[in-house]
Amino acid sequence: MAEPAKKMAQQTEDRLENLADTVREKFDKVTEGSFRDRITEGRFADQVDHGVDEARAETQRKPD
């Protein structure tokens, strides 16, 4: 009885590995050219947002 259980476990493991490969491939296809890729390629590296810094510099503390 141990032999059929091992065989079934091996088949299940193989099926799960195939499923994981399929899911990875489909995920890569869906996310191709996505926002994540643009960030990792550095497309937003040249853009600087000074809005928050300027707003903080303009804000003055009120005297106590």
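Just so it is clear, the model here is predicted, and its values are computed rather than measured.

Visitor: I would appreciate a short explanation of the overall build of the protein chain in the present structure.
Guide: Across its full length, the protein chain holds three helices and zero strands. In sequence order, the secondary structure elements of the protein chain are arranged as α-α-α. Looking at the protein chain as a whole, 5% of its 64 residues qualify as buried. Surface summary for the protein chain: the accessible area is close to 6700 Å², and the carbon and sulfur share equals 53%.

Visitor: Quick question: what am I supposed to make of a nonpolar patch on the surface here?
Guide: Nonpolar side chains collect at one region of the surface, where Leu16, Leu19 and Val23 lie side by side and expose about 290 Å² of accessible area between them. The residue Leu16 is located in helix 1 (residues 2–31) in this model. Here Leu16 falls in the exposed class, since its relative accessible area comes to 53%.

Visitor: What am I meant to see in the pattern of salt bridges here?
Guide: Any two side chains of opposite charge can pair, so long as their charged atoms come close to each other. As enumerated under the stated definition, the model contains one salt bridge in all. A salt bridge links Arg24 to Asp21; the nearest nitrogen and oxygen atoms lie 2.9 Å apart. Of this pair, Arg24 and Asp21 both sit in helix 1, separated by three residues, roughly a single helical turn.

Visitor: I would appreciate a short explanation of the confidence of the model for the protein chain in the present structure.
Guide: Mean pLDDT over the protein chain works out to 77, with 59% of the residues at or above the 70 mark. Across the protein chain, the secondary-structure element scoring lowest on mean pLDDT is helix 3 (residues 51–58), at 59, and the one scoring highest is helix 1, at 92.

Visitor: Got a minute to help me understand helix 1 in this structure?
Guide: An α-helical turn contains 3.6 residues, so a residue and the one three or four places further along point in the same direction. Its 30 residues place the ends of helix 1 43 Å apart at the C-alpha level, agreeing with the 44 Å of an ideal helix rising 1.5 Å per residue. Where burial is concerned, little of helix 1 is hidden: one out of the 30 residues are buried.

Scoring rules and cut-offs
- Residues numbered from 1 in each chain as written.
- Predicted model: local features only at pLDDT ≥ 70, side-chain atom pairs only at ≥ 80, totals over all residues.
- Heavy atoms only, no water.
- Helix = DSSP H or I, 4+ residues; strand = E, 2+ residues; numbered from the N terminus.
- Buried < 20%, exposed > 50% of the residue type's maximum accessible area, 1.4 Å probe, protein only.
- Areas by Shrake-Rupley, 256 points an atom, 1.4 Å probe, with all protein chains shown as cover.
- Patch = residues over 30% accessible without salt bridge, like charges linked within 9 Å, V, L, I, M, F, W, Y side chains within 5 Å.
- Salt bridge = Lys/Arg side-chain N within 4 Å of Asp/Glu carboxyl O.
- pLDDT = per-residue confidence, 0-100.
- Expected span 1.5 Å × (residues − 1).

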